[in-house]
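Each chain, letter by letter, is given below.
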Amino acid sequence: MEIKTKFNIGDKTWTLIDGKAKETVVDSIHIYNDGVSYAVKDADRRGYIQHQEAQCFKTKDELIEYITSE
């Protein structure tokens, strides 16, 4: 079985953290029955946060478009 992910370890992504757009770096990838999640470091919390693949974007503009679309 081959699993393809949107991002690889070390890739930069844009996502929302505490309601703010932030650029993060993928530290690890987690595969679950219901999808893919990426763990990213959060300097403010001094730990890791997991984000579903659908909530991670290549650019800030893509993130903004996702947020503002209906």
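Okay, so let's go over this structure. A quick note: this is a predicted structure, and the numbers were derived from the prediction, not measured.

## Re the overall build of the protein
Next, step 1: Within the protein, the regular secondary structure consists of one helix and four strands.
Next, step 2: The C-alpha atoms of the protein give a radius of gyration of 12 Å, which matches the 11 Å a tight globule of 70 residues would have.
Next, step 3: Principal axes of the C-alpha set define a box for the protein whose edges measure 35 × 30 × 20 Å.
Next, step 4: The centroid of the 10 positive side-chain charges in the protein is displaced by 6 Å from the centroid of its 13 negative side-chain charges.

## Digging into unusual backbone geometry
Backbone phi values are negative for most residues with the exception of glycine, while trans is the configuration of most peptide bonds.
Next, step 1: Of note in the backbone geometry, Asp 18 takes a positive phi value of approximately 55 degrees without being a glycine.
Next, step 2: With respect to the helices and strands, Asp 18 occurs in the loop between strand S1 (12–17) and strand S2 (20–32).

## Describing a nonpolar patch on the surface
Next, step 1: Together, Met 1, Ile 3 and Ile 31 make up an exposed nonpolar region whose accessible area comes to about 400 Å².
Next, step 2: Tracing the sequence through the fold places Met 1 in the segment before S1.

Conventions used here
- Residues numbered from 1 in each chain as written.
- Predicted model: local features only at pLDDT ≥ 70, side-chain atom pairs only at ≥ 80, totals over all residues.
- Heavy atoms only, no water.
- Helix = DSSP H or I, 4+ residues; strand = E, 2+ residues; numbered from the N terminus.
- Rg over C-alpha atoms; globule rule 2.2 N^0.38 Å.
- Lys, Arg positive; Asp, Glu negative; His and termini not counted.
- Charge placed at Lys NZ, Arg CZ, Asp CG, Glu CD.
- Patch = residues over 30% accessible without salt bridge, like charges linked within 9 Å, V, L, I, M, F, W, Y side chains within 5 Å.
- Areas by Shrake-Rupley, 256 points an atom, 1.4 Å probe, with all protein chains shown as cover.
- Salt bridge = Lys/Arg side-chain N within 4 Å of Asp/Glu carboxyl O.

The values are spatial; any link to function lies outside them.
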